[in-house]
Amino acid sequence: MASDYDATIKDWQAQRIAHLTAEDGWLNVIGRFWLEDGTATVGSSDDNDIVLSAGPARLGSITQDQTGVTFQPAEAGAAPIVLKIDPANPPRFSLGSLRLEVTTMDGRNALRVRDVDAPERVNFAGLPYFPTDPSWRKTAEWVKLDEPVQMDVDTVAGIPTTVSITRKAVFTHDGVTYELLPTHGTAAKPQFVLRDLTSKSETYGASRFLYGADLTDDTVVLDFNKAFNPPCAFTVHAVCPLPPPENILPIRIEAGEQRPKGH
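A brief look at the structure comes next. (Residues numbered from 1 in each chain as written. Predicted model: local features only at pLDDT ≥ 70, side-chain atom pairs only at ≥ 80, totals over all residues. Heavy atoms only, no water.)

**Let's talk about the sheet that holds strand S15 (residues 208-211)**
Step number 1: With antiparallel pairing, three strands are arranged side by side in an open sheet as S13-S14-S15. With partners counted over all chains shown, the strands left at the sheet margins are strand S13 (182-185) and S15, one partner each. Strand-to-strand twist across the sheet, computed as the mean angle between neighbouring axes with direction ignored, equals 40 degrees.
Step number 2: Pairing of S13 with strand S14 (residues 190-194), which is carried by three bridges, proceeds in the antiparallel orientation. Along S14, the bridge assignment pairs Pro 182 with Phe 192. (Pairing = 2+ DSSP bridges. Helix = DSSP H or I, 4+ residues; strand = E, 2+ residues; numbered from the N terminus. Axes fitted to C-alpha atoms, helices over the stretch in contact; angles between N-to-C directions.)

**Some thoughts on the environment of Ile 30**
Step number 1: Its location among the elements puts Ile 30 in strand S1 (residues 29-34).
Step number 2: Exposure remark for Ile 30: the relative accessible area of 16% places this residue in the buried category.
Step number 3: Note: C-alpha distance between Ile 30 and Leu 249 (219 residues apart in sequence) is 33 Å.
Step number 4: Excluding its chain neighbours within four sequence positions, the residues that come into contact with Ile 30 are Ser 53, Ala 54, Leu 98, Val 113, Arg 114, Asp 115 and His 237. (Buried < 20%, exposed > 50% of the residue type's maximum accessible area, 1.4 Å probe, protein only. Contact = heavy atoms within 4.5 Å.)

**A few points about the state of the cysteines**
Step number 1: Counting across every chain of the model gives one disulfide.
Step number 2: Disulfide partner of Cys 232: Cys 240, at an S-S distance of 2.3 Å. Residues Cys 232 and Cys 240 are joined by a disulfide whose S-S torsion is about 110 degrees; by sign, that bridge is right-handed.
Step number 3: By relative accessible area, which is 3% here, Cys 240 ends up buried. (Disulfide = S-S within 2.5 Å.)

Structural measurements only, silent on function.
Listed below in structure tokens is the structure:
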């Protein structure tokens, strides 16, 4: 049984690496730029309004106004790219080796740029993990709160977001009971942002993420062997939530992803 579980975790780790190293993964983000109303030029030349670390000297221009956001490629005769803003599904397009998208946070739009040839992606050395430990796969109580709780959750960029919490996960370890609040994700796939005592050295200092699984009305599985680093562990151009005080645990969770190599 243990070997079957080990294989499951190995498969999960392989999928995790595949997502990280994909063209839309977090290893190749080279910039994130807030958009203001008006037109801004984009390219690698220093005289652009938005200066990229890769790509052509003149990539194009991006315009934001009351009608939305449009990108005009610099290539002669190229048609403008009209972007339908959707915070849940940011519009994306490609120009050469660059992948561009417009993300939205708290009503503000930002241009995020990826380079598929970025050295961080091409030369990625993999991730270190704690040894798989089946005891860190917890079936927690999935407790419904009497009333939804509105909570402001801070981010690494200092931009708080307001979330609504309707449940909490309650689990035990070494005979002690702990609680975690799901601040993100969905009702079917709650996401926990957490920190523990390994964050001081072995794991990423700001937080790790964990998704709840196998939900019933009364239970949720917390498999800490699948705890993973947030995007901010790989790029300074991501805006990641920080754990609420309730999710900073006074124990060592020696399971899941460790701090990325070189960090």
